[in-house]
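Chain and residue survey
The primary structure of each chain is shown beneath.
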Amino acid sequence: MTANVAVETTPETPVWNDPHEDPDTRVSALIEAMTLEEKIGQLYGVWVGASDDGGEVAPHQHDMEEAVDLDALLPTGLGQLTRPFGTAPVDPALGALSLLRTQARIASANRFGIPAVAHEECLAGFAAWKATAYPVPLSWGATFDPGLIRRMAAAIGHDMRSVGVHQGLAPVLDVVRDARWGRVEETIGEDPYLVGSIATAYVQGLQSAGVGATLKHFVGYAASRAGRNLAPVSAGPRERADILLPPFEMAVREGGARSVMSAYNDVDGIPAAADEELLTGLLRDTWGFDGTVVADYFGIAFLHTLHGVAGDWADAAKAALSAGVDVELPNVKAFGAPLVEAVTTGRVPEALIDRALRRVLADKARLGLLDADWSPVPPALADADLDDPDALRGTVDLDTPRNRDLAREIAEQAVVLLSNDGTLPLARPRRIALVGPNAEAPTAVLGCYSFPLHVGVHHPRVPLGIDLPTLRDAVAREFPDAEITVARGTGVDDGDTSGIEDAVRAAGDADVVLAVLGDRAGLFGRGTSGEGCDAGSLTLPGAQQHLLDALLDAGTPVVAVLLAGRPYALGRAVDEAAAIVQSFFPGVEGTPALAGVLSGRTNPSGRLPVSVPRGPDAQPATYLGARLAQASEVSTVDPTPAFGFGHGLSYTSFAWSDLVVEEAETGTDGAFHLAFTVRNTGERQGSEVVQLYLHDPVASVVQPVQRLIGYTRVPLAPGEARRVRVTVPADLASFTGRDGRRVVEPGALELRVAASSAAPRLTATVTLTGPERQVDHTRRLHADFAQEPHAAE
């Protein structure tokens, strides 16, 4: 077949097709040549599904939208293709061929030969059939390792770009404010600095492979009242400025993110998709963002149907365009015929169309989609026989051994050992009772945006497409000499207690009990964690706490193993379990990673990205609370967590010592310099995660008791010590003052060098001197860490 619809560059080649011309010149010339209908055609997507026989894509029928007629749309062009791989199971090679043929058709159908931008979900890996499902973002946060997440994102981006995808709808930069929210698993944690630093690394990795990252959800989505999905947000201006916005600011400024997705929610009555101050004033005019703003799926229509700030589709389109939204997703609705008519009749200025179009075309120019030599053939099919689809099947591998090794490395580094009385690592037990609803569930390691649970559940006769060893499989391989007895006990959320007696009997006959509990990921009520699966409290779902308590009463040491998408209150187990191991949906290699921690093959080094509550009903609560948010004698609700943010144990021990502060005073435009020693005092190699917290005892507005301003991982051999040096810019003490300006105030501060938010090891009392200083988005965002060998004692 002939797939390349490009032409050679000649003196007659239009300016917009010439990659040697200035991008602005190319885009301006193209806009000038386009009709209104052609302009608007670039501002929306069409939801499609690739063909498993390599034919062209077919429009996806969704119950929220009317059917789309591609034949009618394509002559005026098309902005985006929505999830060609992420709509139905399709062999990756044939999906790539299907996308190739569709892109050739799209380019051939419009006057300017412009293809579409193809986007996909990639929250925990490329959400395509047979692609590696990596750990969910909450596990990324648990690694406290941006470099590792950057490598993962580069691998994801490589796989996506190899089959013709240009844009990924990730990462999520929402900061957890209430762990009952169903999408906690999609977040990186409850601290804005951790979220921002990890997410920025993801953006850098994905974009290094040529796939544009889309930051979501801008802004406030996770701060909803009562942790409900798609609910109103009541965040004040300082919470928005100091908690919700900084991760996006970092990812735009340092990550160079190419796209931002507007959120569904309103903040104090202003929907994000219609917030000009947010999407234009802050994002573009202040931060300098020059990419595209895309609407969350159906989000523009929601301005009319849910928010009630638009009287019809044309009003919704005008509100979104005026605010700064450029692209309607997933399908054409408000940006279709209603927008054409509104511009023609003067209701919507054509200048708004041109403004959005300029951004969209600039993005396509950056991707090479306007170049004369553009070809729809993706790298994975560069040498393939495109006329023999049957021979292509199975030739593109999106779950390579290299991917699996990387997935396992992240999963191992993200396992958090919450408690341990010495039972772990297990010393060759003869009899293991493996109990609980997640002991033999292969998908218990997957989040709701993994392909098998997001899409595959609608195709029950289609294989999962990836190897998912159960925890029983992994434990059997890890302990080949042990007799393993499995008892389900109860389901994840069915409330059935009829199997608990058998589980207790199995526990009584064992040397150790592994109680494998937690969540089942799904969407909109199909799971206990995931989009639309919010929780009324943080009690373990169903009858799992009842099962856990019964096992604790059996007398055999109980190791609680959590495979979950959010933290749960564990009741008596906090004090009575022999050990507690937390893993947040660790992906395809999650169960071998867990088994390695249980056996001691792997020394755990994960740290909590979210606090684990002691009680199930003290929500919303995060470690970022001010003094009035702490436990007190005037409230019967105690929000003190069982395990605080940043907590995690090891099979070795660490000593911290010799803190030196070079100068205890500096100006509000200066920096502090600290040095201290961390030593591995145990008998095996391990990694300590050094966390730096700032405590501001007196400020002009109420501050959190402490907040994370930096961290670093310190790997140490037995007996090894490292001298850690930290430069702390005064900018990191800034906050939003009473008048809305970000300021650095003079006064005393505490810099707490800590193993977690609840475990300070060394404290430096320092002072900022001089006048109050105003800072902006160009301020320094990081403490600088350096490590050097330290002589043994």
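**Re the packing of aromatic side chains**
- Enumeration according to the criterion identifies 16 aromatic pairs in this entry.
- Each ring, one from Phe-144 and one from Phe-645, has its centre 6.1 Å from the other, and the planes form 50 degrees; the classification is tilted. One end of the pair, Phe-144, is in the loop between helix 5 (137-143) and helix 6 (146-162); the other, Phe-645, is in the loop between strand 18 (641-643) and strand 19 (654-661), with 501 residues separating them in the sequence.
- Residue classification places Phe-144 among the buried residues on the basis of a relative accessible area of 1%.
- On the basis of relative accessible area, Phe-645 is assigned to the buried category, the value being 0%.
- Grouping aromatic residues by their ring pairs yields a cluster made of Phe-144, Tyr-193, Tyr-623, Phe-645, Tyr-693 and Tyr-711.
- One Lys or Arg, Lys-216, reaches over the ring of Tyr-449 and ends 5.4 Å from the middle of that ring.

**Structural notes on a negative patch on the surface**
- On the surface, Asp-385, Asp-387, Asp-388 and Asp-390 cluster together into a negatively charged patch.
- Within the element layout of this structure, Asp-385 appears in the loop between helix 14 (350-366) and helix 15 (389-392).

**Some remarks on the packing of helix 12 (residues 313-323) against helix 14**
- Where helix 12 meets helix 14, the closest approach of the two axes is 10 Å, and the angle between their N-to-C directions is 55 degrees. When the axis of helix 12 is compared with that of helix 14, the two are oblique. The two elements helix 12 and helix 14 cross, and the hand of that crossing is left-handed. Taking contact as the criterion, the partners of Lys-318, Leu-321, Ser-322 and Ala-323 in helix 12 are, on helix 14, Leu-352, Ile-353, Arg-355 and Ala-356.

**Notes on unusual backbone geometry**
- Looking along the chain, the bond that leaves Lys-216 and enters His-217 is cis, with omega of 5 degrees.
- Relative to the helices and strands, His-217 resides in strand 6 (residues 212-218).
- Residue Pro-330 is bonded to the preceding Leu-329 through a cis peptide linkage, with omega at 0 degrees.
- Here Pro-330 is to be found in the loop between helix 12 and helix 13 (337-344).
- With phi around 50 degrees, Leu-230 is a residue other than glycine that occupies positive phi space.
- Note that Leu-230 resides in the loop between strand 6 and helix 8 (237-244).
- A relative accessible area of 33% means that Leu-230 is categorised as partly exposed.
- Within the chain, Asp-658 stands out as a residue other than glycine whose phi angle is a positive 60 degrees.
- Here Asp-658 lies in strand 19.
- Look at Asp-658 and you get partly exposed, because its relative accessible area is 43%.

**A closer look at the sheet that holds strand 25 (residues 735-736)**
- Across the sheet, three strands lie side by side as 25-26-29; this open sheet has antiparallel pairing. Of all strands in the sheet, those with a lone pairing partner are strand 25 and strand 29 (773-774), marking the two edges.
- In this structure, strand 26 (residues 742-744) lies alongside strand 29, joined through two bridges in antiparallel fashion. Paired with Val-744 across the strands is Arg-773, a residue of strand 29.

**Describing the sheet that holds strand 14 (residues 512-518)**
- The six strands lie next to each other as 11-16-15-14-12-13, forming an open sheet whose pairing is mixed. Across the chains shown, the open sheet's two edge strands, defined by having one partner strand only, are strand 11 (416-420) and strand 13 (483-487). Here the average twist between neighbouring strands, direction ignored, is 15 degrees.
- Summarising the sheet, strand 12 (residues 431-435) and strand 13 pair through five bridges and their orientation is parallel. Across the sheet, the residue bridging to Ile-432 is Ile-484, located in strand 13.
- Contacting strand 12, strand 13 and strand 14, helix 19 (residues 500-508) runs over the sheet at an angle of about 165 degrees to strand 13.
- On top of the sheet, helix 20 (residues 544-553) reaches strand 12, strand 14 and strand 15 (558-564); it is set at about 170 degrees to strand 14, its chief contact.

**Some remarks on the pairing of strand 11**
- The buried fraction of strand 11 is high, at four of five residues.
- Here strand 11 runs beside strand 16 (residues 579-584); their pairing, made up of four bridges, is antiparallel. Within strand 16, the position partnered with Ser-419 by the bridge is Ile-580.

Reading the values: rules and limits
- Residues numbered from 1 in each chain as written.
- Predicted model: local features only at pLDDT ≥ 70, side-chain atom pairs only at ≥ 80, totals over all residues.
- Heavy atoms only, no water.
- Phe/Tyr/Trp six-rings, centres within 6.5 Å; stacked < 30°, edge-to-face > 60°.
- Helix = DSSP H or I, 4+ residues; strand = E, 2+ residues; numbered from the N terminus.
- Buried < 20%, exposed > 50% of the residue type's maximum accessible area, 1.4 Å probe, protein only.
- Lys NZ or Arg CZ within 6 Å of the ring centre and 35° of its normal.
- Patch = residues over 30% accessible without salt bridge, like charges linked within 9 Å, V, L, I, M, F, W, Y side chains within 5 Å.
- Areas by Shrake-Rupley, 256 points an atom, 1.4 Å probe, with all protein chains shown as cover.
- Salt bridge = Lys/Arg side-chain N within 4 Å of Asp/Glu carboxyl O.
- Lys, Arg positive; Asp, Glu negative; His and termini not counted.
- Charge placed at Lys NZ, Arg CZ, Asp CG, Glu CD.
- Axes fitted to C-alpha atoms, helices over the stretch in contact; angles between N-to-C directions.
- Parallel < 35°, antiparallel > 145°, perpendicular 65-115°, else oblique.
- Left-handed = near helix turned anticlockwise from the far one by under 90°.
- Contact = heavy atoms within 4.5 Å.
- Pairing = 2+ DSSP bridges.

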